[in-house]
Amino acid sequence: MELSAEQTQRYSRHLVMKELGVSGQEKLRKAKVLIIGAGGLGSPAALYLAAAGIGSIGIADGDRVELSNLQRQILHSTADIGRPKVDSARESLERLNPDVQVKTHPGPVNAGNIMELIAAYDFILECTDNFPAKFLINDACVLSQKPFCHGSVIRFFGQVMTYVPGQGPCYRCVFKSPPPQNAVPAAKQAGVIGAAAGMIGCLQALEAIKYITGAGDLLTGQLLTFDALDMDFQKISLQPDPDCPVCGPKPAILKPFDCEQPL
């Protein structure tokens, strides 16, 4: 890769690192990362991936910007209220780094389109805010042999884990199935600190960068939890579930589906 003078300056803090250097920057430039959810987690993740020089970033989201989003969804501004989130996200990322190609995927992500959606990407960030979506993305990534990073946040608390095919458990191994409807309060009811969402989204971006460049160790087989009240991080070791219906040796889930259904 031959960097321009502007690119050499832009990525200079990467180029001096032995874990990255020119070869690592080239890997980032060639990479394609899909972010599903342009909200509290997807916003910081997208900004840092664009700043890092990821060559192609996909943004999938079907919502429009609301005033209540702006406390934590830093891709969007007051002037964007009412606009599709994918449009304001694209403009924010293009302003930040014109090197990056941003592809938008407006509309809901569902069982009918997710396999085609993720096919073109090297790594997926699951930045959604509801359990059915998290399980849908997990199942599709496992079935497609796509690595992905899960993130979630509520109030002052968050968690991150990464799935790489053949390395450790998937999300369904750990959490089995979505809780009953209304059993767990959503951020709208329980609240969320914007900076906590920012922390988790940044960790997801780091997982993508490390996967692409091969630097460091990923959160495969581990759940990283974050308690902002006590500023406490913990790693919980995880094991694959031999009876997992999607990644186990005898899978019962052979294609993604919307909502939980009896297997």
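Residues numbered from 1 in each chain as written. Predicted model: local features only at pLDDT ≥ 70, side-chain atom pairs only at ≥ 80, totals over all residues. Heavy atoms only, no water.

(A) Geometry of the overall build of the protein chain. On a plain count of helices and strands, the protein chain comes out with 10 helices and eight strands. Since a compact globule built from 263 residues should have a radius of gyration of about 18 Å, the 18 Å found for the protein chain is in line with a globular shape. Once the C-alpha set of the protein chain is aligned to its principal axes, its extents read approximately 55 × 40 × 40 Å. Counting the 263 residues in the protein chain, one finds 48% classified as buried. For the protein chain, the exposed area adds up to about 12,900 Å²; of that, 53% sits on carbon and sulfur atoms. (Helix = DSSP H or I, 4+ residues; strand = E, 2+ residues; numbered from the N terminus. Rg over C-alpha atoms; globule rule 2.2 N^0.38 Å. Buried < 20%, exposed > 50% of the residue type's maximum accessible area, 1.4 Å probe, protein only. Areas by Shrake-Rupley, 256 points an atom, 1.4 Å probe, with all protein chains shown as cover.)

(B) Spotlight on the packing of helix H4 (residues 42-52) against helix H10 (residues 194-213). At a minimum axis separation of 7 Å, H4 and H10 run at an interaxial angle of 40°. Taken together, the axis directions place H4 and H10 in an arrangement best described as oblique. Once H4 is placed against H10, the crossing between them reads as right-handed. Within the contact between the two elements, H4 uses Pro 44, Ala 45, Tyr 48, Leu 49 and Ala 52 and H10 uses Ala 197, Gly 198, Gly 201, Cys 202, Ala 205, Ala 208 and Ile 209. Across the contact of H4 with H10, the residue classes break down as 10 nonpolar, two polar and no charged. (Axes fitted to C-alpha atoms, helices over the stretch in contact; angles between N-to-C directions. Parallel < 35°, antiparallel > 145°, perpendicular 65-115°, else oblique. Left-handed = near helix turned anticlockwise from the far one by under 90°. Contact = heavy atoms within 4.5 Å. Nonpolar A, V, L, I, M, F, W, Y, C, P; charged D, E, K, R; others polar.)

(C) Here's a closer look at the environment of Thr 8. By secondary structure assignment, the location of Thr 8 is in helix H1 (residues 5-10). For the pair Thr 8 and Lys 18, spaced 10 residues apart in sequence, the C-alpha separation works out to 16 Å. Leaving out residues up to four positions away in the same chain, Thr 8 has contacts with Leu 3 and Leu 15.

(D) Region of the structure containing the pattern of salt bridges. In the structure shown here, the tally under the stated rule is 11 salt bridges. When the shortest N-O distance is used, the salt bridge between Arg 10 and Glu 6 registers 3.9 Å. Taken together, the positions of Arg 10 and Glu 6, both in helix H1 and four residues apart, correspond to about one turn of that helix. When its relative accessible area of 54% is taken as the criterion, Glu 6 is described as exposed. Counted as one network, the salt bridges with shared partners bring together Glu 26, Arg 29 and Lys 30. (Salt bridge = Lys/Arg side-chain N within 4 Å of Asp/Glu carboxyl O.)

(E) Structural detail: the packing of aromatic side chains. In this structure the tally under the stated criterion is five aromatic pairs. Ring plane angle 40° and centroid distance 4.7 Å describe the contact between Tyr 171 and Phe 175, whose orientation is recorded as tilted. One end of the pair, Tyr 171, and the other, Phe 175, are both in helix H8 (residues 171-175), four residues apart, so they sit about a helical turn from each other. Look at Phe 175 and you get partly exposed, because its relative accessible area is 28%. When the centroid spacing of 4.6 Å and the interplanar angle of 25° are considered together, the rings of Phe 226 and Phe 233 count as stacked. A relative accessible area of 38% means that Phe 233 is categorised as partly exposed. (Phe/Tyr/Trp six-rings, centres within 6.5 Å; stacked < 30°, edge-to-face > 60°.)

(F) Up close: the sheet that holds strand E1 (residues 32-36). Strand order in the open sheet made by the eight strands is E3-E2-E1-E4-E5-E6-E7-E8, with mixed pairing throughout. Pairing within the sheet leaves two strands with one partner each, and these edge strands are strand E3 (101-106) and strand E8 (232-237). Averaged over neighbouring strand pairs, the angle between their axes works out to 15° when direction is ignored. In this sheet, E3 lies alongside strand E2 (residues 56-61) in parallel orientation, the contact comprising six bridges. Bridging across to E3, Ser 56 finds its partner in Gln 101. (Pairing = 2+ DSSP bridges.)

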